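# Summary of structural features
Chain residues, written in single-letter form:
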Amino acid sequence: MRSETLRVPGATLYYEVRGSGPLVLFVPGGGGDAASADPIAEVLEDRFTVVSLDPRGYSRSVLDGPQQTQRVEVQSDDAFRLLDHLTDEPAFVVGTSAGAIVGLDLLARHPDRVRLLIAHEPPCFAVLPDAAEQRAMIEEVYTLLRTESPAAAGARFLAGIGNAMKPSPVPAELPPRAAEMWARLAANGPLMLEYELREFTAYLPDYEALAPVADRVVLAVGRETRGCLPYRPAKEIARRIGREVTEFPGAHNGMRTEAPEFAAQLADTMTARLRAESAGRC
């Protein structure tokens, strides 16, 4: 694995590259960073070039100025610039949670750069029939962050999404690289709650732009998230662009908790796309 940086407008992005083969860009969920892809990359790197990044303002991706509201289109532009820097070919993009929202925006605005997007449970709560109720919940989270603590805000958010996350590991029991990542994520969490959560959950996908490339979107959901809030936006977005959701192992954080099974399904999905492309050229 090698780590590098890329200058983009307003920030310096940190990213990691490992493996060989068709390029796969992993965009982490809110507050995540490049190492969040480790459990998946370990399975895929013998067949794919795996690229993962710290989104701007988190972990090792440094802003030129002070923290400010995170915007979907800015993170999407960062992903576009990173892909443009790394390859001339369309790439696979795997986004989980907030990263799935970034992926949807990237595909809508730069379809020529995306070979296939696997968007796992994008929390676009604004697409739901009860969007006002969900917006009120997010505002409660923000108020708790400002008046009480990040812990109180985080607890309210987890309750609001239906406890769709499996427990985090105990950092003291982890190997050094993983423990270091969890320390960074602990610092990122309050930043995500303050500067990202309200903006991203209010995002409305560009259905008009996505419809012509709907065959390049896999709206992924957790098998164990059925009945929980994170499952619902993916289903609504899929309906709006004429697709069905695809269940993956685990819950909202299944990419970590069921990494081998999750990675195997990712590999099958991407390999099937490669075979379809090859057959189409014959």
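Note: the structure precedes this text.
Since the structure is predicted, the reported quantities are computational estimates derived from the model, not experimental observations.

Attention now goes to empty space enclosed by the protein. Tallied over the entire structure, the rule returns 2 cavities of 30 Å³ or more. Of the pockets and cavities examined, the largest cavity occupies roughly 50 Å³. In terms of lining, the largest cavity is formed by Val27, Leu53, Pro55, Arg56, Gln75, Asp78, Ala79 and Val102. Of the residues belonging to the lining of the largest cavity, the class tally is 5 nonpolar, 1 polar and 2 charged. Reported here for the second largest cavity is a volume of approximately 30 Å³. Along its surface, the second largest cavity is lined by Val27, Pro28, Gly29, Gly30, Gly31, Pro55, Tyr58, Gln75, Ala98, Gly99, Val102 and Glu196. Among the elements that take part in the lining of the second largest cavity, helix H3 (residues 98–109) stands out by supplying 3 residues, more than any other. Residues of the lining of the second largest cavity, tallied by class, amount to 6 nonpolar, 5 polar and 1 charged.

Take the packing of aromatic side chains next. Considering all chains together, one arrives at 2 aromatic pairs under this definition. Aromatic side chains phenylalanine 48 and phenylalanine 92 sit 6.1 Å apart centroid to centroid with 85° between the ring planes, which places their arrangement in the edge-to-face category. Highlighted residues: phenylalanine 48 in the loop between helix H1 (38–44) and strand E4 (49–54) and phenylalanine 92 in strand E6 (residues 91–96), separated in sequence by 44 residues. Using a relative accessible area of 1% as the deciding quantity, one classes phenylalanine 48 as buried. Sitting above the plane of the tyrosine 142 ring, arginine 198 keeps its charged end 3.5 Å from the centroid.

Reading the values: the criteria
Here the residue index of a chain counts from 1 through its sequence in written order. Whole-chain, interface and lining totals are the exception, using all residues; otherwise, since this is a predicted model, local features are given only for residues with pLDDT of at least 70 and side-chain atom pairs are given and counted only at 80 or more. Heavy atoms from the whole structure form the basis of all side-chain values; hydrogens and water molecules are not counted. The method works on a 1 Å grid over the protein atoms by themselves. A cavity is a set of points holding a 1.4 Å probe that cannot get out, a pocket is an open set with protein on both sides within 12 Å along at least five of seven lines, and residues with an atom within 4 Å of a point line them. Grid points are joined across faces, edges and corners, and a volume is the space filled by probe spheres set on the points. Put simply, Ala, Val, Leu, Ile, Met, Phe, Trp, Tyr, Cys and Pro go in the nonpolar bin, Asp, Glu, Lys and Arg in the charged bin, and everything else, Gly too, in the polar bin. Helical segments are the DSSP runs of H or I of at least four residues, strand segments are the runs of E of at least two, and each set is numbered from the N terminus. Two rings belonging to Phe, Tyr or Trp (six-membered ring only in the last case) form a pair when the distance between their centres is within 6.5 Å. Interplanar angles under 30 degrees mark stacking, angles over 60 mark edge-to-face geometry, and anything in between is tilted. Each residue's exposure class comes from its accessible area (1.4 Å probe, protein chains only) as a fraction of the maximum for that residue type: buried when under 20%, exposed when over 50%, partly exposed otherwise. Geometrically, a lysine NZ or arginine CZ counts as sitting over a ring once it is within 6 Å of the ring centre and also within 35 degrees of the ring normal.

Geometric values such as these leave the question of function open.
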